[in-house]
Amino acid sequence: MADLVSMRADAMEARKRIDALLAVDGELTTDQVAELEKSDVEFRGLQAEISKAETIASARESLSAPSFEFRAERKPEQRSQQEIRTQFLSDLKQEMRSPGSFERRTTDFNIGGTPGNAADLLPVDLQDEMIRLFASRSNVAQAATVRSYASDAEIPMVTARATITDFTGEGTAYDNFDPDFGKLRIRAFKSAAETKITEEVISDNRGGAVDEILTQHGEAHAYFWETKYLGTAAAQNATAPDGLLAAEADIASTFPDEALNGNAAIADISTGSGDTTIASVTYQDLLDVTFGMPAKYWGLEKSWLMSPALFQHVIGLTDAGATGRPLFLPNATGTIQQSFNMGTLFGYPVYVSDAMTDGASGITAFRTRMRADGRWMRPSSSARLQIAAS
């Protein structure tokens, strides 16, 4: 209410300025006209905001009020035998047409030897709150570069760089310099979902149930795409986004081999022989991944993308020196709740993903869809840590 009181006070001040200017004898100066126009705009804007705030406050007050009231006990209404019989036949017909639709509530604690449910007679107010089950963490889109296109697209790419191998002598022909080019196809795969809601649910829902449904739509799309991005589909796949966990050979079929580690399309760093679990990952393994790509790519923006299990292991690792300083550094400001990334490792932000391992009458259908794709653009500037199989 403090904001509403403040807005009313500001509106009153604006109104006083308007009244003062309108009370001026004679013709207003240019500055006075400008001030009058400014005050009028301010007053109208404040009036609109006050009206909006009052409406919101009134709606909140009505929602917070109980949906029931206690009344004094009344004597049972006396009805004739004919009225009772007519009501019984009406209820019987309704039950035959729609079994289970007739609401039954006991008015006695024991009828025919069967205990009644006294709780049926007590009013219960459904609160305007919701206890949520959180969605799985989906962070690939946060760690990657995201671009938007109006339709399917193709992006030119360099498939091979030309090189100069020797000096050129006087009067001799220039060396042939011929880079190779190709292109990458960006597609628009789609995920779609639908939830049908009755008019009654829309009108009577509490706890933001409809908003919760739409929120879950968005979160479900995000996690579905997360599982696809962290799949094993080959590069430039026609039926799915490129998988971040695709085999090196499936990436090399599209991209040139130029990675520092073994002349491959992407630097895959494996833990040592016998180090077959996440607990075996060492400081040196992480260092090798950090700088596994050619040095020319070290300065590019990069991010770590980890499973929850690897993240829990990494935060306990220290450097290889005598200082014993932790490798993982939490964010200097803010909290995990305020940021998608968890902190930094060797200066790069760390993200964690849980996915890393009919239009009937009276029905409203909430439909959501997401069209997207995920493509490697330059896998040779990336590196992956692989746990040894044996």
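Residues numbered from 1 in each chain as written. Predicted model: local features only at pLDDT ≥ 70, side-chain atom pairs only at ≥ 80, totals over all residues. Heavy atoms only, no water.

1. Description of the overall build of the protein chain
Across its full length, the protein chain carries 9 helices and 12 strands. Roughly 27,100 Å² of accessible area belongs to the protein chain as shown, and the carbon and sulfur atoms make up 53% of that amount. (Helix = DSSP H or I, 4+ residues; strand = E, 2+ residues; numbered from the N terminus. Areas by Shrake-Rupley, 256 points an atom, 1.4 Å probe, with all protein chains shown as cover.)

2. Examining the packing of aromatic side chains
Taken as a whole, this structure holds 5 aromatic pairs when the rule is applied. With centroids separated by 5.9 Å and ring planes inclined at 45 degrees, the aromatic side chains of Trp225 and Tyr229 adopt a geometry described as tilted. Here Trp225 pairs with Tyr229, and both are found in helix 6 (residues 209-229), just 4 residues apart, close to one helical turn. Like Tyr229, Trp225 is buried. Judged by centre distance (5.9 Å) and plane angle (65 degrees), the ring pair of Tyr283 and Phe346 falls under edge-to-face. Taken together, the residues Tyr283 in helix 8 (residues 283-290) and Phe346 in the loop between strand 9 (343-345) and strand 10 (348-352) connect sequence positions 63 residues apart. Judged by relative accessible area, Tyr283 falls into the partly exposed class, the value being 24%. (Phe/Tyr/Trp six-rings, centres within 6.5 Å; stacked < 30°, edge-to-face > 60°. Buried < 20%, exposed > 50% of the residue type's maximum accessible area, 1.4 Å probe, protein only.)

3. What to know about the pattern of salt bridges
Counted by the stated rule, this structure contains 10 salt bridges. In this structure, Asp40 and Arg44 form a salt bridge, with 3.1 Å as the shortest nitrogen-oxygen distance. Residue Asp40 and its partner Arg44 are located together in helix 2 (residues 30-64), separated by 4 residues, close to a single helical turn. Linked by salt bridges that have partners in common, Arg17, Glu35 and Glu42 make up one network. (Salt bridge = Lys/Arg side-chain N within 4 Å of Asp/Glu carboxyl O.)

4. Topic: unusual backbone geometry
Phi at Gln236 is positive, roughly 60 degrees, even though this residue is not glycine. For Gln236, the position within the fold is in the loop between helix 6 and helix 7 (248-252). Given a relative accessible area of 23%, Gln236 falls into the partly exposed group. One non-glycine residue with positive phi stands out, namely Phe346, at about 55 degrees. Judged by relative accessible area, which is 26%, Phe346 ranks as partly exposed.

5. Overview of the sheet that holds strand 10
Spatial ordering of the open sheet is given by 7-10-9-8, a layout of 4 strands whose pairing is mixed. A single partner strand is all that each edge strand has here, and the edge strands are strand 7 (304-306) and strand 8 (328-330). Strand after strand, the sheet turns through a mean of 35 degrees between neighbouring axes, direction not considered. The pairing of strand 9 with strand 10 spans 3 bridges and is classified as antiparallel. (Pairing = 2+ DSSP bridges. Axes fitted to C-alpha atoms, helices over the stretch in contact; angles between N-to-C directions.)

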